[in-house]
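These are the residues of each chain, in order.
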Amino acid sequence: MEEDFKVIENYLMVRMPEELDHHKSVAIRETADRMILREDVKNIVFDFEDTRFMDSSGIGVIMGRYKTIHCLGGQVFAIHADGQIKRILRMSGLKGIIEVLD
Amino acid sequence: MEKKKNEMKIEFDARSENEGFARVAVAAFMSSLDPTLEEIADVKTAVSEAVTNSIIHGYEEQEGKVYIVCEMTGDVLQVSVEDQGKGIPDIEKAMEPLYTTKPEMDRSGMGFSFMEAFMDHLEVASEVGKGTRIEMWKKIGTTPWLGEEE
Ligand SMILES: Nc1ncnc2c1ncn2[C@@H]1O[C@H](COP(=O)(O)OP(=O)(O)OP(=O)(O)O)[C@@H](O)[C@H]1O
Ligand SMILES: [Mg+2]
């Protein structure tokens, strides 16, 4: 789990799991929040390279972190999202508040 | 010609580790209808939303059982997800986009919106103290692949 989280400069890089559902989201939330507090994190990058499934639990993970990062004056990025993930991001309205890059 | 019917039922403990199993079981069951990748993703997401709701809202992560019944009639898939949990006091309100009773758990209130968007039809029956049943229908194998419109 910890190896999926890396801090580079003031960016927290999070490697998202293959299936991002409620079951998986709990530990990601906790670890990300711990690292945002502990390390000198201002921005967060969610990497969806390995992710083939995401439901509203994933939206909650991103939205919750966005609130903290936004307060810190930072930015949230989503990278390597496939068609299914992008569709969910768009429908939730998240696409308007975070940066979705390829 | 009479439409052939095919049915499957599963019952499992309301534990988060069963969420993956539940959506994969439904996806595997519908495979004989030759669904597109997008249709499979749609159904998996809808099932995941309903099952997750039973676990976190219906049973509030306490013990309980979740029941799934799937039926294929012709090219129509019907899925029902049921719990005997606490029930929904105001269904109309619960179905509003962004409405959630668990914001502290990082829920976003998108579950019902996704179920409605990804399936053709949705019905919710619920009684406080008794439980909730979500019934969803989707016609498979007829929607053309639209891909990602930017
Ligand atoms: N099976 C259920 N039993 C009891 N209450 C439910 C059930 N399903 C949904 N609800 C209620 O309906 C509300 C809306 O559900 P919905 O799935 O749309 O959003 P959410 O679960 O709160 O957030 P998200 O799905 O985005 O993580 C829930 O917050 C809950 O109060
Ligand atoms: Mg939900």
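Keep in mind that this is a model prediction, so the values were computed, not measured. (Residues numbered from 1 in each chain as written. Chains lettered and ligands numbered in written order. Predicted model: local features only at pLDDT ≥ 70, side-chain atom pairs only at ≥ 80, totals over all residues. Heavy atoms only, no water.)

**Quick word on the sheet that holds strand β5 (residues 131-139) of chain B**
Residue and element names in this part refer to chain B. The condition is simple: Only strands that DSSP links by at least two bridges are regarded as paired with each other. Segments assigned H or I by DSSP are reported as helices when at least four residues long, segments assigned E as strands when at least two residues long, and all are numbered from the N terminus. Axis definition: a line fit to C-alpha positions, over the contact stretch in the case of helices; interaxial angles, taken between N-to-C directions, run 0 to 180 degrees. Two residues qualify as a contact provided that any one of their heavy atoms is within 4.5 Å of a heavy atom in the partner residue.
Overall, antiparallel pairing links the 5 strands, which are arranged β1-β2-β3-β5-β4 in an open sheet. The sheet is open, and its two edges are formed by β1 (5-13) and β4 (121-127), each paired on a single side. Direction aside, the axes of adjacent strands within the sheet are offset by 10° on average. Inspection of the sheet shows β1 paired to strand β2 (residues 65-73) by 9 bridges, in the antiparallel sense. Its bridge partner being in β2, Glu7 is matched across the sheet by Glu71. The strands touched by helix α1 (residues 19-29) within the sheet are β1, β2 and β3 (76-83), with β1 carrying the most contacts at an inclination of about 170°.

**So, the pattern of salt bridges**
What counts is decided by this rule: Think of a salt bridge as a Lys or Arg side-chain nitrogen and an Asp or Glu carboxyl oxygen that are within 4 Å of each other. Summary of the burial criterion: residues with accessible area below 20% of their type's maximum are buried, those above 50% are exposed, and those between are partly exposed, where the area comes from a 1.4 Å probe applied to protein chains only.
In the structure shown here, the tally under the stated rule is 20 salt bridges over all chains. Its salt-bridge partner being Glu39(A), residue Arg38(A) comes within 3.4 Å of it at the nearest N-O pair. A relative accessible area of 51% places Arg38(A) in the exposed class. Each of Arg29(A), Asp33(A), Arg65(A) and Asp106(B) takes part in a single network of salt bridges with overlapping partners.

**Section: unusual backbone geometry**
Unusually for a residue other than glycine, Asp34(B) sits at a positive phi of about 60°. Position of Asp34(B) among the secondary structure elements: in the loop between α1 and α2 (37-58).

**Re the interface of chain A and chain B**
For clarity, the cut-off: Summed over both partners, the accessible area (1.4 Å probe) lost when two parts come together is defined as the buried area. As used in this structure description, the phrase polar contact means that two N or O atoms lie within 3.5 Å; if the pair is within protein, one of them must be able to donate a hydrogen and the other to accept it, and residues adjacent in sequence are counted only when both atoms belong to side chains. Gly is placed with the polar residues, together with every amino acid not listed as nonpolar (Ala, Val, Leu, Ile, Met, Phe, Trp, Tyr, Cys and Pro) or charged (Asp, Glu, Lys and Arg).
Contacts between the two partners involve 23 residues from chain A, matched on the other side by 28 residues from chain B. Roughly 2100 Å² of surface becomes buried between chain A and chain B when both sides are summed, with 47% attributable to carbon and sulfur atoms. Taken as a group, His22(A), Ser56(A) and Arg87(A) account for 28% of the area that chain A buries against chain B, more than any other trio of residues on that side. The interface formed by chain A and chain B includes 6 salt bridges. Our enumeration of links across chain A and chain B arrives at 13 residue pairs in polar contact (both at pLDDT 80 or more). Elements supplying a minimum of two residues to the side of chain A that touches chain B: α1 (22-38), β5 (53-54), α2 (56-71) and α3 (83-91) of chain A. Element by element, the count of residues in the side of chain A that touches chain B is highest for α3(A), at 7 residues. In the side of chain A that touches chain B, the residues fall into 5 nonpolar, 9 polar and 9 charged.

**Regarding the packing of α3(A) against α2(B)**
What counts, and what does not: What sets the label is the angle itself: under 35 degrees gives roughly parallel, over 145 gives roughly antiparallel, 65 to 115 gives roughly perpendicular, and the rest give oblique. If you view the pair so one helix is near and one far, a crossing is left-handed when the near helix is turned anticlockwise from the far one by less than a right angle, and right-handed when it is turned clockwise.
Between α3(A) and α2(B), the shortest axis-to-axis distance is 11 Å and the interhelical angle comes to 50°. On the basis of their axis angle, the class for α3(A) and α2(B) is oblique. Here the hand of the crossing between α3(A) and α2(B) comes out right-handed. Two secondary-structure elements touch here, α3(A) through Gln84(A), Arg87(A) and Ile88(A) and α2(B) through Glu38(B), Ala41(B), Asp42(B) and Thr45(B). For the contact of α3(A) with α2(B), the residue count by class is 2 nonpolar, 2 polar and 3 charged.

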